Amino acid sequence: TQLLEQSPQFLSIQEGENLTVYCNSSSVFSSLQWYRQEPGEGPVLLVTVVTGGEVKKLKRLTFQFGDARKDSSLHITAAQPGDTGLYLCAGAEGYSTLTFGKGTMLLVSP
Amino acid sequence: NAGVTQTPKFQVLKTGQSMTLQCAQDMNHNSMYWYRQDPGMGLRLIYYSASEGTTDKGEVPNGYNVSRLNKREFSLRLESAAPSQTSVYFCASSEAGQEYGYTFGSGTRLTVV
């Protein structure tokens, strides 16, 4: 079973701060996805990264896939209260089902 | 809005009772999934259906059964509910090829007393 370790588990910051969350594995993934989940809702896909070393930007969010395709990071610039939620990474290996990490709970206070 | 619809949103069962969680998607996706989400455990796959007419066990299938009724609908049945099945259940669907990501429903919060 492939495992994805996310860190930190919980992050509480003030509005305007920058932050990075990490997703690490000993396994190689063909692609990696990041989701955000708000309370009472299902996860929503933010981005998919496929190529080792790939960087994708989504407004204030920057996603990077490690060169060896074993890890990924999510950086948020100038966090806002609307960024509050559970951030999940998920790895895909070929045509198998996704493996999800346990998530990073982010709380951004005004 | 297009997407994945789950019913019911909330349910309380007594130990030993049975129930079926319903899921339907209107995106013409081939693959559908059932997950449970528990504090500290993350999302764990119960069953999935890669295409209409096929179902396979995931990480935690014991105590559950599924039916892929047609391309749109994928139901999850608890035959004899146990307190350990208290959880939030999510249904998801996807195109073939994992790079497209999953579309999740809004979940069913199930409590077994």
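Up top you'll find the structure we're talking about.
Residues numbered from 1 in each chain as written. Chains lettered and ligands numbered in written order. Predicted model: local features only at pLDDT ≥ 70, side-chain atom pairs only at ≥ 80, totals over all residues. Heavy atoms only, no water.

**Examining the sheet that holds strand S7 (residues 61-65) of chain A**
Paired through their backbone hydrogen bonds, the strands of a sheet run either parallel or antiparallel. Residue and element names in this part refer to chain A. Which entries qualify depends on this criterion: Strand pairing is assigned whenever DSSP identifies at least 2 bridges connecting the two strands. Strands are runs of DSSP state E lasting at least 2 residues, helices are runs of H or I lasting at least 4, and numbering of each runs from the N terminus. Fitting a line to C-alpha atoms yields each axis, with helices limited to the stretch in contact; the angle taken between N-to-C directions then spans 0 to 180 degrees.
Strand order in the open sheet formed by five strands is S1-S3-S8-S7-S6, with antiparallel pairing between adjacent strands. In the strand order of this sheet, the two ends are held by strand S1 (5-7) and strand S6 (55-58), each with one partner. The sheet shows a mean angle of 15° between the axes of neighbouring strands, direction not considered. When S1 meets strand S3 (residues 19-24), the two strands line up antiparallel, connected through three bridges. Opposite Glu5, over in S3, you have Asn24 as the bridge partner.

**A short note on the sheet that holds strand S8 (residues 74-78) of chain B**
All names here are of chain B. Pairing is antiparallel in the open sheet, where four strands are placed in the order S1-S3-S8-S7. In this open sheet, the two edge strands, each paired with only one partner strand, are strand S1 (4-7) and strand S7 (64-68). This sheet shows a mean twist of 15° between the axes of neighbouring strands, independent of strand direction.

**Focus on the state of the cysteines**
Threshold: Here, a disulfide means two cysteine sulfur atoms that sit within 2.5 Å of each other. Buried means the residue's accessible area, taken with a 1.4 Å probe over protein chains only, is under 20% of the maximum for its type, while exposed means over 50%, and partly exposed covers the values in between.
If you walk through the whole model with that rule in mind, you get two disulfides over all chains. At a sulfur-sulfur separation of 2.0 Å, the disulfide partner of Cys23(A) is Cys89(A). Judged by the sign of its S-S torsion, about 75°, the cystine formed by Cys23(A) and Cys89(A) is right-handed. Of this pair, Cys23(A) sits in strand S3 while Cys89(A) sits in strand S9 (residues 85-92), and the two are 66 residues apart along the sequence. Cys89(A) shares its class with Cys23(A); the two are buried. The disulfide partner of Cys23(B) is Cys91(B), and the S-S distance across this bridge is 1.9 Å.

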